[in-house]
Amino acid sequence: MQFVDLASQQKRIKENIDTRIANVLSHGKYILGPENKEVEERLAAYVGSKYALACSSGTDALVLALMAYGIGPGDAILTTPFTFIATAEAASLLGATPIFVDIDLKTFNIDPVKLEETIAAFKGKNNSVALPVNHASLTLKGVIPVDLFGLCADYDAIREITEREKLFLLEDAAQSMGGEYKGRKACSLGDIGCTSFFPAKPLGCYGDGGMCFTDDKAKADLMFSASIHGTGKSQYDNVIIGMNGRFDTIQAAVLLAKFDIFEDEVELRQKVAQKYTELLAGIKGLNTPYIPEGYKSAWAQYSILADNNEQRTKIRAALQEKGIPSAVYYPKPLNMQTAFESLGYKLGDFPVSEDCSDRIFSLPMHPYLTEAEQGLIVDIISRNS
Ligand SMILES: *Cc1c(COP(=O)(O)O)cnc(C)c1O
């Protein structure tokens, strides 16, 4: 059994992919070809943003967005420690400092109440939450909520805080393309939304890729410039420090073929997730995903909380024995990563994230998972809980 079955998907769209790749080979515009523009237009329209910029990866999408705000040393970015390292790494790459805010146990996303507390602590109004050792020398600039496992963070609550505090809001939508929040699409919920086309994400290409979405023309122009070495009026007029952050035309061609069936796949993911939740209901000690009213998850992952670490270990071992893959996202919150040692955080600073790291695990999840496969998976879980 596959954790993410890209082969079944490819069978559906093989001809479309072949034709689109052959087109690129015949026009030969391998960098910034017409497919790039087409995929930007189609995805901007889909998520409901005015501008979209295709780029080299989800990580680079975050870096480009931060570059558009001129982020650098001395700046601080508030984000969750319960995410893939790229979220906070993007800030650190530019010399800025991530400040972590613990999550809500039910959604696994940044907790708006703790966001308030952290900002208050930063201003010296309380000492109820941990801050990085160098916090006194920093200026708060923005917040990056993550739509973890495909479920959007609580943007209304977060937006209220960022507006009051004059902070920018970047949506890390690397896992949530296809998701919705109160009638709006994921990727369109921040001042800039950043997604990833890594092959295993809900909408992936056959390599690395990403996209930035915004309604702000000035920011869109800055991100475009930053993605081609800070280009100004022409290729050899460089006005800001940027990077080589472009999206390959061949990958844009692949993405166009995948996008043709994407909305159908999002619906198939809903069915698979619903089936899991139905089958898993009532198994002792297990918590299935919570989807608040008005939200739709893109189901990048179907993640459940075991009662404790031993139960998780036992279930995963039993699944593995039957050749069924499972995964732990994320075994270590970012405050405990060696790469962020210099921030001076310690175990116990983010109890909810740390608790989740101990108990969470994800089951095979993709649009082509069959009910028979799901039955088999849940049967093993049930007998080992
Ligand atoms: C995958 C991911 C990224 C980075 O995307 P890449 O395309 O792999 O660089 C960033 N944030 C989160 C939450 C992710 O899951």
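So, a nonpolar patch on the surface
A contiguous nonpolar patch, built from Leu-25, Tyr-30, Ile-31, Leu-32 and Phe-224 and spanning about 480 Å² of accessible area, is present on the exposed surface. Topologically, Ile-31 is positioned in the loop between helix H1 (6-27) and helix H2 (34-47). Given the relative accessible area of 46%, Ile-31 is considered partly exposed.

Observations concerning the site of the ligand
What surrounds the ligand is a group of 14 residues, the closest being Gly-58, Thr-59, Gln-175, Ser-196 and Lys-201. At a separation of 2.5 Å, an oxygen atom of the ligand approaches a polar side-chain atom of Thr-59. In the model, an oxygen atom of the ligand is placed 2.7 Å from a nitrogen or oxygen of the Lys-201 side chain. In the complex, the protein chains occlude 93% of the 380 Å² of accessible area that the ligand would expose alone.

Here we look at helix H12 (residues 371-383)
Compared with the 18 Å implied by 1.5 Å per residue over 13 residues, the 18 Å span of H12 between its first and last C-alpha is a close match. Tucked inside the fold, the buried residues of H12 contact helix H9 (262-280), helix H10 (309-321) and strand E12 (360-363).

Quick notes on the side chain of Thr-162
Counting through the fold element by element, Thr-162 comes out in helix H6 (residues 155-165). Those residues in contact with Thr-162, other than ones at most four positions away along the chain, are Val-143, Leu-167, Phe-168 and Leu-169.

Some details on the sheet that holds strand E8 (residues 192-196)
Read from one edge to the other, the open sheet built from 7 strands follows the order E1-E9-E8-E5-E4-E2-E3, with strand pairing classed as mixed. Since the sheet does not close on itself, it has two edges, and those belong to strand E1 (51-55) and strand E3 (97-100), each with one partner. For this sheet, the mean angle separating the axes of adjacent strands, direction not counted, is 25°. For E8 and strand E9 (residues 210-214), the ladder comprises 5 bridges, and the chain directions are antiparallel.

What about the domain arrangement of the chain?
Each domain of the chain was delimited in the assignment, giving domain 1 (6-101 + 108-259) and domain 2 (262-383). Relative to domain 2, the C-alpha centre of domain 1 lies at a distance of 24 Å. Opposite the 45 residues of domain 1 that make contact, domain 2 presents 39 residues. In this assembly, domain 1 packs against domain 2 so that about 3400 Å² is buried in total across both faces, 66% of it on carbon and sulfur atoms. The three residues of domain 1 that bury the most area against domain 2 are Phe-82, Phe-100 and Phe-149, which together make up 21% of that side's buried surface.

What counts, and where the lines are drawn
- Residues numbered from 1 in each chain as written.
- Predicted model: local features only at pLDDT ≥ 70, side-chain atom pairs only at ≥ 80, totals over all residues.
- Heavy atoms only, no water.
- Patch = residues over 30% accessible without salt bridge, like charges linked within 9 Å, V, L, I, M, F, W, Y side chains within 5 Å.
- Areas by Shrake-Rupley, 256 points an atom, 1.4 Å probe, with all protein chains shown as cover.
- Salt bridge = Lys/Arg side-chain N within 4 Å of Asp/Glu carboxyl O.
- Helix = DSSP H or I, 4+ residues; strand = E, 2+ residues; numbered from the N terminus.
- Buried < 20%, exposed > 50% of the residue type's maximum accessible area, 1.4 Å probe, protein only.
- Near = heavy atom within 4 Å.
- Polar contact = N/O pair within 3.5 Å; in protein donor to acceptor, adjacent residues only side chain to side chain.
- Expected span 1.5 Å × (residues − 1).
- Contact = heavy atoms within 4.5 Å.
- Pairing = 2+ DSSP bridges.
- Axes fitted to C-alpha atoms, helices over the stretch in contact; angles between N-to-C directions.
- Domains from an automatic or database assignment.
- Buried area = accessible area lost by both parts, 1.4 Å probe.

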